[in-house]
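Listed below, chain by chain, are the residues.
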Amino acid sequence: MLDLCQPPLSFIRKPAFALPAGATDCHVHVYGPNANYAVAPTRAFDAPEALPATLASVLDAMGVERVVLVQPSGYGLDNLRHLDAIKEVGRPARMIASLRADTPDSTLKEMNELGVRGVRYTIGHAGAAPLSEMPSLARRIADFGWHIQLHVMSDGGGSPLTEMEQVLLELPTDVVIDHLGSLRPERGLSQPGFETLMRLVDAGKCWVKLSGAYRVSATPPYVDMVPFVAQLLSMRADRLVWASDWPHVAFKGIMPNTTDLLDQLLTWIPDEAQRNTVLVDNPAKLYGF
């Protein structure tokens with residue numbers, strides 16, 4: 001029997017700053033109703049129901065006007081739950097899917113019309129699409145202007161992002177890296193994964209999600225992440241987006257209030273104009289809002 005994740009906090013407070021019009025959460029998931037959507041047998045955990053209506057109330061409470069739904073490992077390669085959610089979250093929405101390289105052209109076209117804007121690969125999960133298929137699928141989705149999204153679940157002390165660097169640079173699409181590349185703040189700015197991330201960003205084809213700090217840092221506003229964000233801002237502020245990662249599945253620590261993950265931007269990005277770029281302008285460009 002698989003572990004049941006703890007749910008997100010039910011109370012979501014207002015943020016400590018006024019969000020600009022068009023503010024976007026660039027990485028969320030939904031789950032359930034369980035009777036309607038089958039989970040994947042390859043899943044590593046069970047998640048409590050986190051319905052589109054609940055997500056909508058969370059986003060409303062924070063003042064977030066646009067959202068990007070991301071296919072989670074719990075549903076494997078069955079994208080139906082999140083394709084349906086595009087129409088259920090009550091605001092402009094886009095989606096990142098998980099697909100095999102032999103997905104028919106007709107399916108890609110249909111998904112594009114529904115709002116899919118990229119394909120996600122996960123390093124370290126048995127049910128994910130094979131990374132070996134990434135270059136061939138990237139060539140096909142490039143025609144739609146989609147991107148490749150990459151989640152490094154755990155580097156295990158190594159640096160899979162570094163090992164994949166040349167492959168990523170050669171893709172015909174942009175690349176989006178989840179959760180700051182799952183870097184470890186205690187390893188410092190010279191850790192190979194972060195150095196690779198900086199090179200990818202500097203090359204002009206890589207975007208980074210400022211998210212997931214609650215998984216690697218202690219308490220909001222996660223000040224030990226500031227040096228990494230500052231480096232990225234100094235290099236390419238136009239390649240950064242923010243995300244809450246709601247509903248924070250498979251997290252065993254003290255659950256943060258989701259708004260804490262928005263308020264952290266006051267510490268991470270003190271300049272209001274830069275925050276607005278990260279919250280509004282960059283997502284508009286990346287996802288075509």
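Everything that follows concerns the structure shown earlier in this document.
Each chain carries its own residue numbering, running from 1 in the written order of its sequence. Where local features are concerned, this predicted model is filtered to residues with pLDDT of at least 70; where side-chain atom pairs are given and counted, the filter is 80 or more; whole-chain, interface and lining totals use all residues. With hydrogens and water set aside, each side-chain value is computed from the structure's full complement of heavy atoms.

Draft legend 1. How the structure looks around the overall build of the protein. A run of H or I in DSSP becomes a helix once it reaches four residues, and a run of E becomes a strand once it reaches two; helices and strands are each numbered from the N terminus. The helix and strand inventory of the protein stands at ten helices and eight strands. For 289 residues, the compact-globule formula gives about 19 Å, and the C-alpha radius of gyration of the protein, at 18 Å, lands near that figure. Structurally, the protein occupies a C-alpha span of about 45 × 40 × 40 Å along its principal axes. In the protein, the proportion of contacts linking residues at least 24 apart, taken out of those at least 6 apart, comes to 79%. The method behind every accessible area is Shrake-Rupley, applied with a 1.4 Å probe, and residues are considered shielded solely by the protein chains displayed. For the protein, the exposed area adds up to about 11700 Å²; of that, 54% sits on carbon and sulfur atoms. His is not counted here, nor are the chain ends, while Lys and Arg score as positive and Asp and Glu score as negative. In plain terms, the charge of a residue is placed at NZ if it is Lys, CZ if Arg, CG if Asp and CD if Glu. Measuring between centres, the 25 positive side-chain charges of the protein sit 2 Å from its 32 negative side-chain charges. Note on method: radius of gyration uses C-alpha positions; expected globular size equals 2.2 Å times residues raised to 0.38. Residues are treated as being in contact if the distance between any of their heavy atoms lies within 4.5 Å.

Draft legend 2. Spatial organisation of the nonpolar core. With 83 residues, the main nonpolar core has Leu-69, Leu-168 and Trp-268 as its most contacted residues. A total of five residues in this core trace back to one element, the largest contributor, which is helix 7 (residues 192–202). Once you skip the residues sitting within four places of it in the chain, Trp-268 turns out to touch Leu-180, Leu-210, Ala-213, Pro-221, Tyr-222, Met-225, Val-226, Val-229 and Leu-233. Here, nonpolar core refers to any group of buried Ala, Val, Leu, Ile, Met, Phe, Trp, Tyr and Cys residues whose side-chain atoms link them within 4.5 Å. Accessibility here uses a 1.4 Å probe with only protein chains present; expressed as a share of the type maximum, an area under 20% marks a residue as buried, one over 50% as exposed, and anything in between as partly exposed. Counting residues in each nonpolar core, the second largest holds ten residues, with Ile-96, Trp-207, Ala-243 and Leu-286 among its members.

Draft legend 3. Seen up close, the side chain of Asn-282. Mapping Asn-282 onto the fold places it in helix 10 (residues 272–287). By relative accessible area, Asn-282 is classed as buried at 5%. A polar contact of 2.8 Å, which involves the side chain of Asn-282, links it to the backbone oxygen of Ala-237. Ignoring sequence-local partners within four residues, the contact set of Asn-282 consists of Trp-207, Ala-237, Asp-238, Arg-239, Leu-240, Val-241 and Thr-277. Any pair of nitrogen or oxygen atoms within 3.5 Å is treated as a polar contact; in protein, a donor-acceptor pairing is required on top of that, and neighbouring residues in sequence qualify only through side-chain atoms on both sides.

Draft legend 4. Main features of the pairing of strand 4 (residues 116–123). Counted residue by residue, strand 4 has eight buried out of eight residues, so it is predominantly covered. Note on pairing: DSSP must find at least two bridges between two strands before they are called paired. Here strand 3 (residues 93–97) runs beside strand 4; their pairing, made up of three bridges, is parallel. Bridge assignment links Met-95 to a residue of strand 4, and that residue is Val-116. In the sheet, strand 4 pairs with strand 5 (residues 147–152) via six bridges, with the strands oriented parallel.

Draft legend 5. Quick look at helix 4 (residues 134–141). Looking only at helix 4, the buried set comprises Met-134, Leu-137, Ala-138 and Ile-141. Each buried residue of helix 4 lies within a common arc of 105° when the element is viewed along its axis, so the set occupies one face. Of the surrounding secondary structure, the elements contacted by the buried residues of helix 4 are helix 3 (105–114), strand 4, strand 5 and helix 6 (165–170). Here the arc refers to the set of directions running from the helix axis out to each C-beta atom.

Draft legend 6. Geometry of the sheet that holds strand 5. On the basis of which strands lie adjacent, the open sheet formed by eight strands has the order 1-2-3-4-5-6-7-8 and parallel pairing. Every interior strand has two partners, whereas the edge strands, strand 1 (24–28) and strand 8 (240–242), have only one. Averaged over all pairs of adjacent strands, the angle between strand axes in this sheet comes to 25°, irrespective of strand direction. Alignment of strand 7 (residues 206–210) against strand 8, held across three bridges, turns out to be parallel. Opposite Val-208, over in strand 8, you have Leu-240 as the bridge partner. Lines are fitted to the C-alpha atoms to define the axes, a helix being fitted only along its stretch in contact, and any angle between axes, read from their N-to-C directions, falls within 0 to 180 degrees. Sheet contacts for helix 7: strand 6 (175–177) and strand 7; angle to strand 7, the most-contacted strand, approximately 125°.

Draft legend 7. Here's a closer look at the state of the cysteines. Any pair of cysteine sulfurs within 2.5 Å is marked as a disulfide. Applying the stated criterion across every chain yields a total of zero disulfides. Of all cysteine sulfurs in the structure, the one in Cys-206 sits closest to Cys-26, which takes part in no disulfide; the separation is 14 Å. Here Cys-206 falls in the buried class, since its relative accessible area comes to 1%.

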